[in-house]
Amino acid sequence: MNATAVRAGFSTTVQDLGRTGFRQFGVSLGGALDAHALRVANLLVGNNESAAGLEVTFGGLQLRFADERLMAWSGGEFDARSGSTSLPVGHPVVIREGDEMGIERAKTGCRAWIAVSGGFDVPVVLGSRSTDLRGNFGGKEGRALRHGDELPLGKNSERTRILIDKLQRERIARWKPPHDWSSPAKREPTLRVIRGSEWNRFDNVTVQRFTGDKFTVSPDSDRMGVRFEGPRLKANELVDLISEAVGPGTIQIPPSGKPILLLGDCQTVGGYPKIAHVITVDLSIAAQLRAGDEVRFREVTLADAYQLLINREQNLEQFRRGLQPHFS
Amino acid sequence: MEIVPLGDSALIVRVRKNFDGAPDEALNAVLATRRLLENAHLPGVIELAPAYTTVGVFFDPVRVVASGAKPDEVFEWLAERIREVILNANELRADRMETSPIQIPVCYDAEFALDLDEIAQHAGLGAQEVVDLYCASEYRVHCIGFTPGFPFLGGLPSKLATPRRSTPRKEIPVGSVAIGGAQTGIYPVQSPGGWNLIGRTPLRLFDPKKDPPALLRAGDRVRFRAISRDEFERSAM
């Protein structure tokens, strides 16, 4: 059965956890810019955590469902509704045959992830269902959704059916994941960074500005990267490095002196000096940055970054086990 | 050799310090290192990304820890394994390049070769001399990047090196063959770009329905063959 995009929204794409193994051919990782948020939403509806969901940017999406489904969403502070019923972030909800749901008006942050039981069953291209907007492949015909698009859904699993039955009366589950997981957007975010390989090639004043001043997110930002206005950093004289691998989280300083934070759709190699890298757990916050947001960078150690990531993974494992009774 | 972190989920193995002096030697060492690391199947390693003088190693720290690394020493643990693999290898033997160069047909028709005059002027040559010189040389893929399937080719005759355009074009047609500084390359998907367009190939350099999806990979040798507009139209169908 299908879901229909009655309204497609500003920029909505099908995304899973991304495409690996093809960087050597210049293919980006892609996938949900906040992979953790998509994993959580998938777990809430009884999906495999790598199932494909929808990544909504700023809202404007209205979906209609042809059969009964479990749905959960995570991400920024949005207004999600089904008819007159408000759909709170992080709570699994039963969507009945013929029902519609909409997601509107990002108040904080700019992206949300919608997981539907069965997952969005678009063809797998190069090992993933994620939309690659630069290469024009994957997802729905390699592009953002359009009005009227039909999106195939996989079958509801046995697990999902059990929870749907349990929720027949109340429709919306009372339980939800930890708040930071389903709603990572912050009003005045601080992104924790570790040093990049060219950190030491910038002078002290530049490094102090980088970690001390506020930077403003430029409107010229997308799934490839976030550009910052604000204090210009003194570009390093060695701007013409030999290109080497870059990845989501890498912060480059191009000759303009305005930092660029790379996100999931970034190119696979780059030649600008890398001053720092946003740590993996804070990519959830980075994925919510919108034009005008004021951001600070704070240095942490590599050991801190690993500890935070391992802790989050352990908590997710605990959460996964805690969910089990709802699905059995 | 130097191993440095690239954030918390990747690292870079710097195989050679310099590129300009001996680009082929650097490439061979990079490819050999890639091969060694591929065969080593190190725990938690997801994929390898070779480029010019380096191999990027992308990994899942959670799986590295599950394989015995202390949570605060993931990078050091993996870097140590990588050093062992490389130092234990008797020599960095490059993949043997027995195969002949891959032929890329290029039409140098004025409609495709938008910057051929600039390139010729810069080189102090005639347009046909530029094409002849370009086709006479053998090239090697040093890196795939920028867009899916975009090959960065070394081996451009130094006379043909042409600075990038001061204002990049917003949309470069698929298949455009171009010169940027001392490198040359081919635009496999529509994208913006600042290189000087010298011609266009009817070959498809990137096809996501194929595995591998790219026609070229790092290490491949390449030659360009001039074709007529007729041949271009026939092959492009």
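Scroll up for the structure.
Bear in mind that the values here come from a model prediction, so they are computed numbers and not experimental data. (Residues numbered from 1 in each chain as written. Chains lettered and ligands numbered in written order. Predicted model: local features only at pLDDT ≥ 70, side-chain atom pairs only at ≥ 80, totals over all residues. Heavy atoms only, no water.)

A.B. asks: For the packing of helix H1 (residues 35-44) of chain A against helix H6 (residues 302-323) of chain A, give the residues involved together with the corresponding values.
C.D. replies: All names here are of chain A. Between H1 and H6, whose axes approach to 10 Å, the crossing angle comes to 10°. Classified by the interaxial angle, the pair formed by H1 and H6 is roughly parallel. On H6, the residues that touch His36, Arg39, Val40, Leu43 and Leu44 of H1 are Arg312, Glu313, Leu316, Phe319, Arg320 and Leu323. (Axes fitted to C-alpha atoms, helices over the stretch in contact; angles between N-to-C directions. Helix = DSSP H or I, 4+ residues; strand = E, 2+ residues; numbered from the N terminus. Parallel < 35°, antiparallel > 145°, perpendicular 65-115°, else oblique. Contact = heavy atoms within 4.5 Å.)

A.B. asks: Requested: an account of the interface of chain B and chain A, with residues and values cited.
C.D. replies: Across the boundary between the two partners, chain B contributes 48 residues, which contact 39 residues of chain A. Both faces combined, the contact of chain B with chain A buries some 3400 Å², and carbon together with sulfur accounts for 66% of it. In this structure, the connection of chain B to chain A is made through 3 salt bridges. Ionic pairing is found between glutamate 244 of chain A and arginine 14 of chain B, a salt bridge with its closest N-O pair at 2.7 Å. Our count for the chain B to chain A interface comes out at 12 residue pairs in polar contact (both at pLDDT 80 or more). Looking at the side of chain B that touches chain A, the elements that each hand over two or more residues are strand S1 (2-5), strand S2 (10-14), strand S3 (45-51), strand S4 (54-59), helix H2 (61-66), helix H3 (74-88) and strand S6 (139-144) of chain B. The element best represented in the side of chain B that touches chain A is S3 of chain B, accounting for 6 residues. Among the residues forming the side of chain B that touches chain A, the class breakdown is 30 nonpolar, 9 polar and 9 charged. (Buried area = accessible area lost by both parts, 1.4 Å probe. Salt bridge = Lys/Arg side-chain N within 4 Å of Asp/Glu carboxyl O. Polar contact = N/O pair within 3.5 Å; in protein donor to acceptor, adjacent residues only side chain to side chain. Nonpolar A, V, L, I, M, F, W, Y, C, P; charged D, E, K, R; others polar.)

A.B. asks: I'd like a description of the state of the cysteines, backed by residues and values.
C.D. replies: Within this structure, the stated rule accounts for 0 disulfides over all chains. With no disulfide of its own, cysteine 110 of chain A has cysteine 266 of chain A as its nearest cysteine by sulfur position, at a separation of 17 Å. Cysteine 266 of chain A supplies the cysteine sulfur nearest to cysteine 143 of chain B, a cysteine that is in no disulfide, at a spacing of 13 Å. (Disulfide = S-S within 2.5 Å.)

A.B. asks: Tell me what's going on with the packing of aromatic side chains, and back it up with residues and numbers.
C.D. replies: One pass over the structure, following the stated rule, counts 21 aromatic pairs over all chains. Measuring from centroid to centroid gives 6.2 Å for tryptophan 73 of chain A and phenylalanine 78 of chain A, while their planes differ by 85°, and the two rings are edge-to-face. For the pair tryptophan 73 of chain A and phenylalanine 78 of chain A, one class covers both residues: buried. Geometrically, the ring pair formed by phenylalanine 150 of chain B and tryptophan 195 of chain B is edge-to-face, given 5.4 Å between the ring centres and 85° between the ring planes. (Phe/Tyr/Trp six-rings, centres within 6.5 Å; stacked < 30°, edge-to-face > 60°. Buried < 20%, exposed > 50% of the residue type's maximum accessible area, 1.4 Å probe, protein only.)

A.B. asks: Explain the sheet that holds strand S12 (residues 225-229) of chain A to me, using residue names and the numbers behind them.
C.D. replies: Residue and element names in this part refer to chain A. With mixed pairing, 7 strands are arranged side by side around a closed barrel as S10-S17-S14-S15-S12-S11-S18. Between one strand axis and the next, the sheet turns through 40° on average, direction left out of account. With 3 bridges joining them, strand S14 (residues 250-252) and strand S17 (residues 274-278) adopt antiparallel strand pairing. When the bridges of S17 are listed, threonine 250 appears paired with histidine 277. Relative to the sheet, helix H4 (residues 204-212) contacts strand S10 (190-195), strand S11 (215-217), S14, S17 and strand S18 (294-299), its axis offset from that of S18 by approximately 120°. (Pairing = 2+ DSSP bridges.)

A.B. asks: I'd love a proper account of the pattern of salt bridges, names of residues and values included.
C.D. replies: Residues and elements named next belong to chain A. Taken as a whole and assessed by the stated rule, the structure comprises 44 salt bridges over all chains. Here arginine 223 makes a salt bridge to glutamate 55, at a shortest N to O gap of 2.7 Å. On the criterion of sequence distance, the pair formed by arginine 223 in the loop between S11 and S12 and glutamate 55 in strand S3 (residues 53-57) is long-range, its members being 168 residues apart. Accessibility classification places arginine 223 together with glutamate 55 in one group, the buried group. The partner of glutamate 68 in a salt bridge is arginine 161, and the shortest N-O contact between them spans 3.1 Å. With a gap of 93 residues between them, glutamate 68 in the loop between strand S4 (61-65) and strand S5 (69-82) and arginine 161 in helix H2 (residues 158-166) connect regions that are remote in the sequence.

A.B. asks: An account of the packing of helix H1 (residues 23-40) of chain B against H3 of chain B is needed here, citing residue identities and associated values.
C.D. replies: The angle between the axes and the distance between the axes are what describe a pair of packed helices. All names here are of chain B. The contact between H1 and H3 brings their axes to 10 Å, and the two run at 115°. Of the two possible hands of crossing, H1 and H3 adopt the one that is right-handed. Together, Thr33, Leu36, Leu37 and Ala40 of H1 and Ile82, Val85 and Ile86 of H3 make up the contact between the two elements. Classifying every residue of the contact of H1 with H3 by side-chain character gives 6 nonpolar, 1 polar and no charged. (Left-handed = near helix turned anticlockwise from the far one by under 90°.)

A.B. asks: Report on the sheet that holds S1 of chain B, specifying residues and quantitative values.
C.D. replies: All names here are of chain B. Overall, antiparallel pairing links the 4 strands, which are arranged S1-S2-S4-S3 in an open sheet. Pairing within the sheet leaves two strands with one partner each, and these edge strands are S1 and S3. Direction aside, neighbouring strands of the sheet carry axes that sit 20° apart on average. Pairing geometry for S1 and S2, over 4 bridges, is antiparallel. For valine 4, the partnering residue across the bridge sits in S2 and is isoleucine 12. Its contacts with the sheet put H3 on S1, S2, S3 and S4, and the angle it makes with S1 is roughly 155°.

A.B. asks: Describe H3 of chain B, listing the residues and the values that go with them.
C.D. replies: Helix length check: H3 of chain B (15 residues) gives 21 Å between terminal C-alpha atoms against 21 Å at 1.5 Å per residue, within 8%. Within the span of H3 of chain B, buried status applies to Val74, Phe75, Trp77, Leu78, Ala79, Ile82, Val85 and Ile86 of chain B. (Expected span 1.5 Å × (residues − 1).)

A.B. asks: I'd like a rundown of unusual backbone geometry, residues and numbers included.
C.D. replies: Residue proline 212 of chain B is bonded to the preceding aspartate 211 of chain B through a cis peptide linkage, with omega at 5°. As for its placement among the helices and strands, proline 212 of chain B is situated in the loop between strand S12 (196-200) and strand S13 (221-227). Even without a glycine there, the phi angle at asparagine 136 of chain A is positive, about 55°. Turning to its location among the elements, asparagine 136 of chain A is positioned in the loop between strand S8 (100-116) and strand S9 (150-152).

A.B. asks: Could you give me a rundown of the environment of aspartate 16 of chain A, with the residues and numbers involved?
C.D. replies: All names here are of chain A. Counting through the fold element by element, aspartate 16 comes out in the loop between strand S2 (11-15) and H1. Here the alpha-carbon distance between aspartate 16 and valine 300, two residues 284 residues apart in the chain, equals 29 Å. The residues contacting aspartate 16, other than those within four sequence positions of it, are Gly31, Ala32, Leu38, Ser50, Ala51, Ala52, Ser128, Arg129 and Ser130. Within the structure, aspartate 16 has its side chain in polar contact with the side chain of serine 128 (distance 2.8 Å). In terms of polar contacts, aspartate 16 uses its side chain to reach the backbone amide nitrogen of arginine 129, at 2.8 Å.

Read these as geometric descriptors, not functional statements.
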